[in-house]
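# Structural characterization, general
Next come the chains, spelled out residue by residue.
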Amino acid sequence: MIRHLFLAFTFALCSLFVALPAWAGSYLDRASLLLAEARREGDMLLPRTHDKELIMVVHALADARARVASKMECPASVSRAHPHLLLVLENSERAADAAAQGNFKKFMEHLTVARNEDRAFRALLAELGYALPDLSSKR
């Protein structure tokens, strides 16, 4: 009887350690997707701040990403890094908004802050022992 309880306890304890990294993995997948798209759109918009239709699309997507990330569940193991993710996405949205208003200086300021926060997010994840997954397709 004691042996069965010990085995059940051991199994439960092991499942905790297996489940937590999986949840962090899901968070890291979502964060990687959000960051990659924000970066791609910032790169695309940089030489095209005169294209109002493109700006409108990028702004709508950036706003949606920021809202989604603010409601996203974050595992405790990476919770210190999550504010940096939010700052990346908020500044990406603000950059697109500045581009929509024709303010190139503000666009560049927010884009620079977003990229700095992206680096801070990745550095803090590395310090915590995590890395964002590579999203490039491997066919």
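Reading the values: the criteria
Residues numbered from 1 in each chain as written. Predicted model: local features only at pLDDT ≥ 70, side-chain atom pairs only at ≥ 80, totals over all residues. Heavy atoms only, no water. Patch = residues over 30% accessible without salt bridge, like charges linked within 9 Å, V, L, I, M, F, W, Y side chains within 5 Å. Areas by Shrake-Rupley, 256 points an atom, 1.4 Å probe, with all protein chains shown as cover. Salt bridge = Lys/Arg side-chain N within 4 Å of Asp/Glu carboxyl O. Helix = DSSP H or I, 4+ residues; strand = E, 2+ residues; numbered from the N terminus. Buried < 20%, exposed > 50% of the residue type's maximum accessible area, 1.4 Å probe, protein only. Core = buried A, V, L, I, M, F, W, Y, C linked by side-chain atoms within 4.5 Å. Contact = heavy atoms within 4.5 Å. Polar contact = N/O pair within 3.5 Å; in protein donor to acceptor, adjacent residues only side chain to side chain. 1 Å grid on protein atoms, 1.4 Å probe; cavity = no way out; pocket = protein on both sides within 12 Å on 5 of 7 lines; lining within 4 Å. Points joined across faces, edges and corners; volume = space filled by probe spheres on them. Nonpolar A, V, L, I, M, F, W, Y, C, P; charged D, E, K, R; others polar.

With that settled, the discussion passes to a nonpolar patch on the surface. A surface patch of nonpolar side chains, amounting to about 270 Å² of accessible area, comprises Met56, Val57 and Leu61. With respect to the element layout, Leu61 can be found in helix 2 (residues 52–71). Residue Leu61 is classed as partly exposed on the basis of its relative accessible area of 39%.

For the rest of this paragraph, the subject is the nonpolar core. Tyr27, Leu85, Leu89, Phe121, Leu125 and Leu132 are the most contacted members of the largest nonpolar core, which totals 18 residues. If you list the elements that add at least two residues to this core, you get helix 1 (2–45), helix 2, helix 3 (82–100) and helix 4 (104–127). Among the elements that make up this core, the one with the highest residue count is helix 1 (6 residues). In contact with Leu85, other than residues within four places in its own chain, are Tyr27, Ala31, Leu35, Met72 and Phe121. Formed by 10 residues, the second largest nonpolar core is a distinct cluster that contains Leu45, Leu54, Ile55 and Ala96.

By the secondary structure assignment, Ser92 is in helix 3. Residue class for Ser92 comes out buried when judged on its relative accessible area of 13%. Looking at Ser92, its side chain comes within polar contact range of the main-chain oxygen of Val88, at 2.9 Å. Not counting residues within four places of it along the chain, the set of residues in contact with Ser92 comprises Ala38, Ala62 and Ala114.

Enumeration over the complete set of coordinates arrives at 2 cavities of 30 Å³ or more. Space inside the largest cavity adds up to approximately 80 Å³. Elements with a minimum of two residues in the lining of the largest cavity: helix 1, helix 3 and helix 4. A class-by-class count of the residues in the lining of the largest cavity yields 5 nonpolar, 2 polar and 3 charged. Here the second largest cavity defines a volume of roughly 70 Å³. Elements with a contribution of two residues or more to the lining of the second largest cavity: helix 1, helix 2, helix 3 and helix 4. Partitioning the lining of the second largest cavity into residue classes produces 8 nonpolar, 2 polar and 2 charged.

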